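# Geometric and topological summary
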Amino acid sequence: QSNEETKACYPFDFTLFVTYEVIKNRLEVTYKIQNDGNADMWAFIGSHESYLTDMPLSAYDLVFEKDEKFLSRICEGALVSDKYDDFGSGKILQINEELFKRFTAVFTGINSRKVTLRKNGAPIATLSFDAENFLMWTMKGANYICLEPWLNYPDPTDSDYDILKKPGVKIIRAGKSYLNKHSIEYFAE
């Protein structure tokens, strides 16, 4: 919930509810952003789950629900440029060290709302989400990979920092709330 510390960098009265519900082999995550103020509030949100990788990255791939162009926006510090790394196209994205040469892969405007992480061709988890942007990252030598659907993505290098022009921003009216959900279905190995 908002307080003096949050208002120093985000000047709105809000409550953020995060609900985790386990249903058999599926985790349902619901974000509810509530505007507790008496004026419009601007907000966006994304997930931050990681998945254990107990083999080299090359043993893993992602299967997207729809055909995609795997063009990753190049990160320059905390911003993204208008240049891209091209990792091909189709429904399958091979995971490897090259994908993370710039630490984070930032895929904007994707068509898919479902992605399956596989190890050696066998499904590990399917992530279903309501977001247009998909970020992936890992730390060098780490045994995990983060798969993150986001409403927004980092500001472009040429941004004028007008939050109302930021892709993915949601305007939440006074006294109203915004819901965003995603789920992760896990498969036995």
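Scroll up for the structure.
Report on the accompanying structure. (Residues numbered from 1 in each chain as written. Predicted model: local features only at pLDDT ≥ 70, side-chain atom pairs only at ≥ 80, totals over all residues. Heavy atoms only, no water.)

This part covers the environment of Gly109. Relative to the helices and strands, Gly109 is located in the loop between strand S7 (104-107) and strand S8 (114-119). Along the sequence, Gly109 and Asn3 sit 106 residues apart, while their C-alpha atoms lie 33 Å from each other. When near neighbours in sequence (up to four residues on either side) are disregarded, Gly109 contacts Glu132 and Asn133. (Helix = DSSP H or I, 4+ residues; strand = E, 2+ residues; numbered from the N terminus. Contact = heavy atoms within 4.5 Å.)

All right, on to the pairing of strand S11 (residues 144-150) then. Note on strand geometry: in a regular strand, side chains alternate between the two faces of the sheet. In terms of burial, S11 is a largely internal element, five of the seven residues being buried. Strand direction decides the pairing type here: strand S4 (residues 49-52) and S11, joined by four bridges, are antiparallel. Bridging from a neighbouring strand, Ser50 pairs with Cys146 of S11. Bridge analysis of strand S10 (residues 133-137) against S11 gives five bridges, and the strand direction is antiparallel. (Buried < 20%, exposed > 50% of the residue type's maximum accessible area, 1.4 Å probe, protein only. Pairing = 2+ DSSP bridges.)

Two strands pair when backbone bridges link them, and strand S5 (residues 60-76) and S8 are joined in this way by five bridges, in the antiparallel orientation. Within S8, the position partnered with Val63 by the bridge is Thr116. Hairpin connection between S5 and strand S6 (residues 79-94): a loop of two residues separates the two successive antiparallel strands, and Gly77 in this loop has a positive phi of roughly 70°.

Turning our eyes to something else, we now look at the environment of Leu16. With respect to the helices and strands, the residue Leu16 is situated in strand S1 (residues 14-23). Of the residues examined, Leu16 reaches a relative accessible area of 39% and is grouped as partly exposed. Residues Leu16 and Phe103, spaced 87 residues apart in sequence, show a C-alpha to C-alpha distance of 29 Å. Among all residues touching Leu16, those that are not within four sequence positions of it are Lys32, Ile33 and Ile45.

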